[in-house]
Amino acid sequence: MKRAFVVGYPISHSRSPLIHGFWLKELGIQGSYERIAVEPAAFQAFATTLADRGFAGGNVTVPHKEAAFRLASVDDPVARDLEAVNTLWFEDGVLKGMNTDVAGFLANLDQEAPGWSDNLRRAVVLGAGGASRAILYGLIQRGAAEILLINRTLERAEALARHFGSKVKALAWDQAETALEGADLLVNTTSLGMKGQPPLDLDLSHLPKSALVTDIVYVPLETPLLAAARRFGLATVDGLGMLLHQAVPGFERWFGARPEVTPQLRALVLADIEAQAG
Ligand code: ATR
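Quick caveat: nothing in here was measured; it's all calculated off a predicted structure. (Residues numbered from 1 in each chain as written. Predicted model: local features only at pLDDT ≥ 70, side-chain atom pairs only at ≥ 80, totals over all residues. Heavy atoms only, no water.)

J.: In this structure, what is going on with the overall build of the protein? I would like to understand it.
T.: The helix and strand tally for the protein stands at 12 helices and 11 strands. For the protein, whose C-alpha radius of gyration is 19 Å, the value lies close to the compact-globule estimate of 19 Å for 278 residues. Along the three orthogonal principal directions, the C-alpha set of the protein runs to about 55 × 40 × 35 Å. Taken across its 278 residues, the protein has 51% of its residues classed as buried. When the accessible surface of the protein is summed, it comes to about 12700 Å², and 50% of that surface belongs to carbon and sulfur atoms. Distance between charge centres in the protein, computed from 26 positive and 31 negative side chains, equals 2 Å. (Helix = DSSP H or I, 4+ residues; strand = E, 2+ residues; numbered from the N terminus. Rg over C-alpha atoms; globule rule 2.2 N^0.38 Å. Buried < 20%, exposed > 50% of the residue type's maximum accessible area, 1.4 Å probe, protein only. Areas by Shrake-Rupley, 256 points an atom, 1.4 Å probe, with all protein chains shown as cover. Lys, Arg positive; Asp, Glu negative; His and termini not counted. Charge placed at Lys NZ, Arg CZ, Asp CG, Glu CD.)

The structure is reproduced here in structure tokens:
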């Protein structure tokens, strides 16, 4: 029986076991996927003894993604650019690492808004943390001509703009609304709008009617930002699909079959989110 895991600290809220458990059952594969809490000081020992404990690999989440990048052998250009690994597996006895966040973000938009990147002139990205970095990578890969990057702490946006080059322009938070003019895409990568956090309060009337709005927050599924976009008649894509799609490549490596992101899987994870929301 093949065994996989998700490791983080804390890890109790991870929905990855639900996702992989669904696929194992659906595909009739004998396998397991477990949650493992590992403190930062113990991560290296954990990662270097995985094979001894019979694991085929697993997912890595906060706060271990950077340590996993340093400990694994990494050929994946995405993980090398982000200096973060979220998926580990063994290849010829070697612990390998990749990052599937970019693929997950792109696959979600491809599935929910086909053609979204066909003529991407201007994208506006809110937030400049780890998630933002993955999204900038993906947007550049898809040929975005210009990305306006807006963050409360301007210096973090400027550092990312330097990293990615001249297509990415850093702007202060108070310039967000004017930045929306002429944008084809708006992406929220901040934690604003998440359950327990303040809403993201932005006047979307500056966006063209053809713009697409997406949020990486998925609790609640319809964030205040997405609700406002819908009221303006704009196309929206929620963040749940990114979580589901980023899980696909790991499952395929560990268990040898490529799973699909189906409405049934979405409904299962959504029910769990709603149960938690009470
Ligand atoms: P992640 O890796 O998930 O992107 P992060 O690195 O903690 O997480 O980044 C969180 C993002 O949300 C940052 O862009 C942060 O802005 P700062 O860089 O100024 O901290 C943004 N964010 C969090 N709370 C915010 C708030 N109340 N207002 C505006 N931005 C906020």
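Moving on from the coordinates now.
J.: For this particular structure, what's the right way to read the environment of Thr49?
T.: Inspection of the secondary structure assignment puts Thr49 in the loop between helix H2 (43–48) and strand S3 (55–60). For Thr49, the side chain forms a polar contact with the main-chain oxygen of Ala45, separated by 2.8 Å. (Polar contact = N/O pair within 3.5 Å; in protein donor to acceptor, adjacent residues only side chain to side chain.)

J.: Looking at this model, I keep getting lost on the site of the ligand. Mind explaining?
T.: Lining the immediate environment of the ligand, one finds Gly127, Ala128, Gly129, Gly130, Ala131, Asn151, Arg152, Thr153, Arg156, Thr190, Ser191 and Leu192. Between Arg152 and the ligand, the recorded distance is 2.9 Å, taken from a side-chain N or O atom to an oxygen atom. Contact with the protein chains hides 68% of the accessible area of the ligand, taken as 640 Å² for the molecule alone. Classifying every residue of the shell around the ligand gives three nonpolar, seven polar and two charged. (Near = heavy atom within 4 Å. Nonpolar A, V, L, I, M, F, W, Y, C, P; charged D, E, K, R; others polar.)

J.: I'm lost on the environment of Leu192 in this one. Help?
T.: Turning to its location among the elements, Leu192 is positioned in the loop between strand S9 (185–188) and strand S10 (212–215). You can call Leu192 partly exposed: its relative accessible area is 24%. A C-alpha to C-alpha distance of 9.5 Å links Leu192 and Gly127, two positions 65 residues apart in sequence.

J.: Any chance you could explain the sheet that holds S9 here in plain terms?
T.: What holds strands together in a sheet is hydrogen bonding between their backbones, with the strands either parallel or antiparallel. In space, the six strands of this open sheet follow the order S8-S7-S6-S9-S10-S11, with parallel pairing throughout. Every other strand in the sheet has two partners, leaving strand S8 (168–172) and strand S11 (235–237) as the edge strands with one partner each. Each adjacent strand pair in this sheet contributes to an overall mean axis angle of 20°, direction not counted. The sheet contact formed by strand S7 (residues 146–151) and S8 spans five bridges and is parallel. Each bridged residue has a counterpart across the sheet, and for Asn151 the counterpart in S8 is Ala172. Against the sheet, helix H9 (residues 224–231) engages S9, S10 and S11, with an angle of about 165° to S10. (Pairing = 2+ DSSP bridges. Axes fitted to C-alpha atoms, helices over the stretch in contact; angles between N-to-C directions. Contact = heavy atoms within 4.5 Å.)

J.: I'm lost on the packing of aromatic side chains in this one. Help?
T.: Within a pair of aromatic rings, the relevant descriptors are the distance that separates the centres and the angle that separates the planes. Considering all chains together, one arrives at eight aromatic pairs under this definition. Considering the side-chain rings of Trp23 and Phe251, the 5.5 Å spacing of their centres and the 75° angle between planes classify their relative orientation as edge-to-face. In this pair, Trp23 is assigned in helix H1 (residues 16–27) and Phe251 in helix H11 (residues 248–255), connecting sequence segments 228 residues apart. By the burial criterion, Trp23 is buried, and Phe251 matches it. By way of ring pairs, the aromatic residues Trp23, Tyr33, Phe251, Trp254 and Phe255 are connected into one cluster. The aromatic ring of Phe55 is capped on one face by Arg3, whose charged end is 4.2 Å from the ring centroid. (Phe/Tyr/Trp six-rings, centres within 6.5 Å; stacked < 30°, edge-to-face > 60°. Lys NZ or Arg CZ within 6 Å of the ring centre and 35° of its normal.)

J.: When you look at the packing of helix H5 (residues 101–112) against helix H6 (residues 130–141) in this model, what are you seeing that I'm missing?
T.: Where H5 contacts H6, the two axes come as close as 9 Å, and the packing angle between them is 60°. The angle between the axes of H5 and H6 places the two elements in the oblique class. With respect to the hand of their crossing, H5 and H6 are arranged in right-handed fashion. Along its contact with H5, which presents Asp101, Val102, Phe105 and Leu106, the element H6 presents Ala134, Ile135, Tyr137, Gly138, Leu139 and Gln141. Here the contact of H5 with H6 is built from residues that sort into seven nonpolar, two polar and one charged. (Parallel < 35°, antiparallel > 145°, perpendicular 65-115°, else oblique. Left-handed = near helix turned anticlockwise from the far one by under 90°.)

J.: How should I be thinking about unusual backbone geometry in this particular structure?
T.: Peptide bonds are trans in most cases, and residues, glycine excluded, mostly fall at negative phi. Following Tyr9, the chain continues to Pro10 via a peptide bond in cis, the omega torsion being 0°. By the element assignment, Pro10 lies in the loop between strand S1 (2–8) and H1. Despite not being glycine, Glu83 has its phi angle at roughly 55°, a positive value. Its place among the elements puts Glu83 in the loop between helix H4 (77–82) and strand S4 (87–91). By relative accessible area, which is 45% here, Glu83 ends up partly exposed. In this structure, Asp92 takes a positive phi of about 50° despite not being glycine.

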